[in-house]
Amino acid sequence: MPRPLRVAIVGAGPAGIYAADALLKSAAAADPGLAIDIFERMPAPFGLIRYGVAPDHPRIKGIITALHQVLDKPQIRLFGNVDYPSDISLDDLRTFYDAVVFSTGATADRALDIPGIDLEGSYGAADFVSWYDGHPDVPRTWPLEAEKVAVLGVGNVALDVARVLAKTADELLPTEIPPNVHDGLKANRAKEIHVFGRRGPAQAKFSPMELRELDHSPTIEVVVNPEDIDYDDGSIAARRGSKQVDMVAKTLENWAIRDVGDRPHKLFLHFFESPTEVLGEDGRVVGLRTERTELDGSGNVRGTGAFTDWDVTGIYRAVGYLSDQLPKLPWDIDSGTVPDEGGRVITTSGEHLQSTYVTGWIRRGPVGLIGHTKGDANETVASLLDDHANGRLHSPASPDPEAVDAFLADRDVRFTTWEGWYKLDAAERALGEPQGRERVKIVERDAMLDASGA
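Residues numbered from 1 in each chain as written. Predicted model: local features only at pLDDT ≥ 70, side-chain atom pairs only at ≥ 80, totals over all residues. Heavy atoms only, no water.

Novice: I would appreciate a short explanation of helix α14 (residues 373-389) in the present structure.
Specialist: What sets the pattern is the α-helix's 3.6 residues per turn: residues three or four places apart point alike. Here α14 spans 24 Å end to end across 17 residues, near enough to the 24 Å set by a 1.5 Å rise per residue. All buried positions along α14 are accounted for by Thr-373, Asp-376, Ala-377, Thr-380, Val-381, Ser-383, Leu-384, Leu-385 and Asp-387. Close packing links the buried residues of α14 with β1 (6-10), α1 (14-27), β4 (99-102), β17 (344-346), β18 (352-358) and α13 (361-364). Downstream of α14 by a residue or two, Gly-391 has a phi angle that is positive, lying close to 70 degrees. (Helix = DSSP H or I, 4+ residues; strand = E, 2+ residues; numbered from the N terminus. Expected span 1.5 Å × (residues − 1). Buried < 20%, exposed > 50% of the residue type's maximum accessible area, 1.4 Å probe, protein only. Contact = heavy atoms within 4.5 Å.)

Encoded structure:
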């Protein structure tokens, strides 16, 4: 009787968990012994949902419920606090598994190549998100001295950053934010937040619901300049072709024609302003220079030669995430992804790297919503199972499940498990209960390990 298939997944965010779910749904009936081990460098699972979604978005965090049901399956084991490649390498994984799927996502900030972007007071949005989401590997404090702040970018991450900067600390207190984040936000001096996009309303990458949420806070006044509401033939076509684009445009139009109210924090959404330089003095940010743009008929824009200097002393670039390069795998430096065909990792010579696959943002770049990752996982898993059915997977030298535990023990890796997540979850809920909160997130890595019984 053939030995059951064993698959390792590196990354316990949505992409990795969706891949595990697709494997179970596609192969468990034919291979009831199928075993999946998920390796995650953080002590807790869920990746982007836990450390990339703003704390005041419980609707999105509700996705964890569905992911939880997958990880509850007996065919799946979780190894948390295990880093690739320092704790376990690709060669190590090949020793224990028939196939390896990488789903490590994207957590770094994409660069913005304009003068002054590295001045003190200029930050990457991903770093700020990690701070307010209680990531264990970032500093516990964040400088929030600027009264006027610019956010560069018109995607959902830019909205999250702008909204967190504009809200009061007490508005965010009912969420899961840890005490250090609440204390930091209480010291936040921001009163004006300016969000800049180089194109128009029809090209913004906001989702309609997240955009409308900006206006729900009693302390935030959203302001749109009527002169920024403009469309060309390409923009009109984009509205007609997408209900979401049309809904975003209509929301912005409604905000542009209303009177400005008296809420204490102003959040300005600027369009047709392309950042060209961060202005500095004595090594610190003192302003932002933008060039006015105009539509060219296709939905793209061109510069007009008219520049504006904006009085801001803090800048956050939210121009996209970037994946970390994975050792032992080919790499496309321009896209920040692992080259693939149908999820199969492709070497520089165009051959499939045997038994090695990718899914999620490490495969296609940080685009799309979380739900889009399901289709990605299905395609990758279909390729993996096709290779399995046709004998194209390699045979691991040590397929015994206990061999993995022994290997990590020999390496003195203090790893967490799925049972440990239940303990950490209970500990965080217990911290929140006296305050009437669902949970208070534990931040320190050692404290997470202790609570997990690692």
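Now that the structure has been shown, the text picks up again.
Novice: Mind showing me how you'd approach the sheet that holds β18 here?
Specialist: Two orientations exist for strands paired in a sheet by backbone hydrogen bonds: parallel and antiparallel. With mixed pairing, 7 strands are arranged side by side in an open sheet as β3-β2-β1-β4-β18-β17-β16. Edge positions in the open sheet fall to β3 (76-80) and β16 (340-341), since each of these has one partner strand only. The sheet contact formed by β1 and strand β2 (residues 35-40) spans 5 bridges and is parallel. Note on β2: the bridge partner recorded for Ile-9 is Ile-38. Running over the sheet, α14 touches β1, β4, β17 and β18 and is turned about 150 degrees from β18. (Pairing = 2+ DSSP bridges. Axes fitted to C-alpha atoms, helices over the stretch in contact; angles between N-to-C directions.)

Novice: I tried to follow the packing of aromatic side chains on my own but got confused; where do I start?
Specialist: When we look at a pair of aromatic rings, we describe it by the centre distance and by the angle of the planes. Applying the stated criterion to the full structure yields 19 aromatic pairs. Relative to Phe-102, the ring of Tyr-84 has its centre 5.0 Å away and its plane inclined at 70 degrees; by these criteria the two rings are edge-to-face. Remark: Phe-102 occurs in strand β4 and Tyr-84 occurs in the loop between β3 and α5 (90-96); sequence separation between them is 18 residues. Judged by its relative accessible area of 0%, Phe-102 falls in the buried class. Both rings, one in Phe-128 and one in Tyr-316, keep their centres 5.0 Å apart while their planes meet at 55 degrees; by these two values the pair is tilted. Of this pair, Phe-128 sits in helix α6 (residues 125-132) while Tyr-316 sits in strand β14 (residues 314-317), and the two are 188 residues apart along the sequence. This pair shows no difference in class: Phe-128 is buried, exactly as Tyr-316 is. An aromatic cluster of at least three residues, connected via ring pairs, comprises Phe-39, Phe-79, Phe-96, Tyr-97, Phe-407 and Phe-415. Between Arg-239 and the ring centre of Tyr-231, over which it is positioned, the NZ or CZ distance is 4.9 Å. (Phe/Tyr/Trp six-rings, centres within 6.5 Å; stacked < 30°, edge-to-face > 60°. Lys NZ or Arg CZ within 6 Å of the ring centre and 35° of its normal.)

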